[in-house]
Structure formats: structure tokens, C-alpha cells
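Descriptive analysis of the structure
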Amino acid sequence: MNETLRYALLVLLASAVGLIAVLANRLTERVKIPVPLLVLVGAAVAAHTVAAVQSPSEPTVERVITIALVLVLFDGGMHIGPARFRAAAAPILSVGVVGTALTAAGAAVILHYLTGIDWFPAVLVATAVAPTDPAVVFSVLGKREIAGRSSTILEGESGANDPVGIALMVSLIAAGGLSVAGFVSVGTQFVLQMAIGLAVGVIGGRALLVFMRRVALPSEGLYPLRTLASSLMLYGIATLAHGSGFLAVFVAGIVIGDARAPYKPDIKRFHAALAGLAEIVAFAVLGLTVDLNVLAHPDVWIPGLVLGAALTVVIRPLAVGSCLLPVRLQRNERSFILFAGLKGAVPILLGEFLRAAHVADAERLYGIVVIVVIFSVLVQGSLVPGVAQLLRLPMRTVETQPWEIGIRLQDEPEGIHRLRVASGSAAEGCTIEGLGDRAGDIWVSMVVRATGLVPVRGDTELEAGDEVVVLADPELRDSLAELFGTS
């Protein structure tokens, strides 16, 4: 087979995997197995059985996953936005940074004493499996969306602990062992990377927002491409400055998340679709690196299962639970956060770092990381819907909305407020006329409910989940947010 035909076969297989992944979302609504796991296993089986499918080189894997992770983190930051982040900043930072370090420490102890792995490789594997991936959780929940702060904390934790885990792994590999000098070096490098990444993210995010608002482009299709190029540029700037590029793009996404800018809905939809594709590509590429023969060895799958079970029932509840002690949360929300620390692509990427660094017994260590991820996604992931129901978490069903009504304006409109009625808020059960009495001089122009558009009359009662478009003085933004329960 010549190179042209081989490349055509690879394109065919890649497109087939992408199409299957898109259609598999319908399947996972029934079987509750996240699409990423199906893609990972499918790619591993294809690499093992199809001669034309070969494992990519280590540099290729790192480059592809790096770009994919940048896209996922930037979109995750935009989805959280500054308002949601401020409401849960303390638990996000505590769990994302301190919780990740405690999880890694606990996992290293379990690996060393229960499986006999030496301290340094145990710490490396533990660092690899510490980060979490909330996308897997939300994948198995399907169309149900969790209310309250638990979903924000899970999303924010992943956005914070991915850069933390990567920075720790890079610093540990550079140190080459465990020693007092090594710990000092790891701590110094970690703090430096976090500080630089945070600074680049905040400054870069604000600069990007100014760029988005003040510099017009000749075509609407160029606006999402501008934010894409800018997010990749921020990663490059932070990395070249010896900081965490991943933290930089996550923070930049948060900075611009709630801000108004031209074509902002189109930009957010573009990045959401790109992040979903990036996650599928990441798992497909990582699946090609998995050697099924290595996973079948007892000294790989047994430590992997032991560590995966320990992370689920012992390590995460203790590590993350201690970080959440000062945080005011409902008991069911706290319990769900402790259970839902599922693993995703980042642990396998960190395992790939071990292979690329040629750490002793790297193939076995990489296999253990893969087993932990498979256990987490398959066992924990399949239990997530049941646990959410058992804990009686407040959830709402989110149906797809393929039809849209909108208008285009040349200049930014002032005094337009798009608000969602929160459950238990003062706006819930209030009539349109009563809303005016409470808020002052406002005009409700549109009410959108799950069933469609609702006629706007004085006696129309608002329900939780309604999306309301209000024309009012910009100075009423805070009072409207308080009235609708979104402050």
C-alpha cells in the first residue's frame, strides 16, 4: 500500500471514529458509558488489530493533546465566567490546588505500601492520576443539569487541577528524584509556573476582551477564529515565559466568559463545538498509544484497580473533603463532589510524559495510569446518574433548542438584560406586571420557556428556568440580577 492510500485509509478511519463518537452520544443516554471511554477503547483495539493503524510518535501525541487541552480549558473557562467563579472561588482554588496535592500524596502512599512500587515512580503515577475531568460526569448525566454550586466547583476544579497536575509532573521529571533539594526545586518551579500563568491569563484575557470589543473584522466568520488564535497565542506566551500556558488560557476564558462582545454567542458556540471535538481527538490519539498486551499483565492491572478503587472510596473523600470543610454546602452537594472526581485525558497525557522522559519501567507505569482512568470512567461514570438521584440533587432537564430568534445591530445595545429565573428567586411566580412593580421602570420584551415562546402579558407568571429579555436602565443590572437570583 503506497503512502497516498495509507493516508486515505487513515482519513477514512478518523472520520468514521468522529461520526461514531457523535452518534454514540445517543447510545450513552441509555448505557451511561461516556463517549470518551468508547473512543479510547476503540482506538486501542484498532491499533492492536489493524496493521495500517500505527501508534503515533511521542512528540506527536504531546503536541496534539496539548492543543486539544488548550481548546478544552479555554472553553471551560468561558463556560464558568467570572460571576460563577466568584461565587465558588474559594472551594475551586482549595480543591483544585491543595486537593490535587493531597490526592497525589495519598495515591503515592497507597501505591508504595500496597503494591510495592518505589517512592519516586509511585509519586509520578500518583501525580498523573490526581487531575479530574468533569466533562465525563456531565456526559453520563445526559440532558440533566445539576443546579447549585456543585457543578461549578467540579468544572472549576478540573480547570485548576489540570495545570497544577501538569506543572507538578514536569517539575518532578526535571528534578529526577525525591530529595530535599528536589522538593525545593519542584516547589519553586510550581509557584513560578502558576504565578506567570495567572498573570498572563488575567492580562491577556482583558486585552483580548478589548480586542474583541473595539476591533471590527470584515466577516462574522472571523470573530471565532480571532479568539481561537488569541487563546493559542496566550498559551505560547505563558509557556515561553516559563509559566503554565494551560492556566493562562483557562483564566483568560474566565475573564471573557460573561462579557458582552460582538458575535459573542457565535464565538461561544464555536469554541464549545471545538472543545467537544478536541476531547474526542485526544482520547482517540491516546487510545492509539495504549498497548493491550501491557494492560493484561497482573503487575499492571492489579495496581491500577487497587489505586482506582482507593481514589474513589478513600483518597478523594479524605483529600477533597478536608478542603471543603470550611465551605458552606448542602450535604448532598458535598457528597456528590467527593464522589464525582472522574479521570479523563489529562492523566493519560501525564502518563505519556513519563514515557517520553524514559523513566524506568515507564510502560508499566503508563499502563497503571490507563487502568485507573478506565476504572474511573467505567465504574464511577456508570454510577454517577444513580448517585445523583440517590442524593436527590436538584437537577433540571435541558432539551436541545435547534431554533433561534435573534437580531443583528451595528452598535452595542444599552439596557438589554438577558436573565434566567432561578428556582426560589423573587421572580419565580411573579407576574410581568408585578415584576415591573418590584424592579421599577422596565420593559419585558420576551419570555422563553422550555415549551417555547410565552405571550408577554401583564398577568403572565414567570416560572423557574424561564429566560427573560428585559429592557431597562443599565444601572438596574444588579437589582435585576438579585431579583432573578443570578447575583
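Anyway, here's the lowdown on the structure attached to this text. (Residues numbered from 1 in each chain as written. Predicted model: local features only at pLDDT ≥ 70, side-chain atom pairs only at ≥ 80, totals over all residues. Heavy atoms only, no water.)

1. Observations concerning the pairing of strand β4 (residues 442–449)
- Of the pairings in the sheet, the one linking β4 to strand β6 (residues 467–472) comprises 6 bridges and is antiparallel in character. Looking at the pairing, isoleucine 442 lines up with alanine 472 of β6.
- Of the pairings in the sheet, the one linking β4 to strand β5 (residues 452–454) comprises 3 bridges and is antiparallel in character. From the neighbouring strand, valine 448 faces β5, where its bridge partner is leucine 453.
- Connecting β4 to the antiparallel partner β5 that follows it, the hairpin turn spans 2 residues. (Pairing = 2+ DSSP bridges. Helix = DSSP H or I, 4+ residues; strand = E, 2+ residues; numbered from the N terminus.)

2. A short note on helix α4 (residues 89–115)
- Helix length check: α4 (27 residues) gives 37 Å between terminal C-alpha atoms against 39 Å at 1.5 Å per residue, within 8%.
- Along α4, the helix axis deviates most sharply at glycine 99, where the bend reaches about 35 degrees. (Expected span 1.5 Å × (residues − 1). Bend = angle between axes of the 7 residues up to and from the residue.)

3. Re the side chain of arginine 355
- Its location among the elements puts arginine 355 in helix α15 (residues 345–356).
- Not counting residues within four places of it along the chain, the set of residues in contact with arginine 355 comprises Glu58, Thr289, Ala362, Glu363 and Tyr366. (Contact = heavy atoms within 4.5 Å.)

4. Remarks on the packing of aromatic side chains
- Summed over all chains, the structure comprises 3 aromatic pairs.
- Between tyrosine 113 and tryptophan 119, the ring centres sit 5.7 Å apart and the planes meet at 85 degrees, which makes this aromatic pair edge-to-face.
- Between tyrosine 223 and tyrosine 263 the ring centres are 4.5 Å apart and the planes differ by 45 degrees, which places this aromatic pair in the tilted class. Residue tyrosine 223 is located in helix α9 (residues 222–240), and its partner tyrosine 263 is located in the loop between α10 (245–257) and α11 (264–288); the two are separated by 40 residues in the primary sequence.
- Over the ring of tyrosine 366 we find arginine 355; its NZ or CZ atom is 4.6 Å from the centre of that ring. (Phe/Tyr/Trp six-rings, centres within 6.5 Å; stacked < 30°, edge-to-face > 60°. Lys NZ or Arg CZ within 6 Å of the ring centre and 35° of its normal.)

5. Quick look at the sheet that holds β4
- Here 4 strands make up an open sheet; going across it, the order is β3-β6-β4-β5 and the pairing antiparallel. Sheet topology places β3 (416–420) and β5 at the edges, where each strand pairs with a single neighbour. Put simply, the sheet's adjacent strands are angled 25 degrees from each other on average, direction ignored. (Axes fitted to C-alpha atoms, helices over the stretch in contact; angles between N-to-C directions.)

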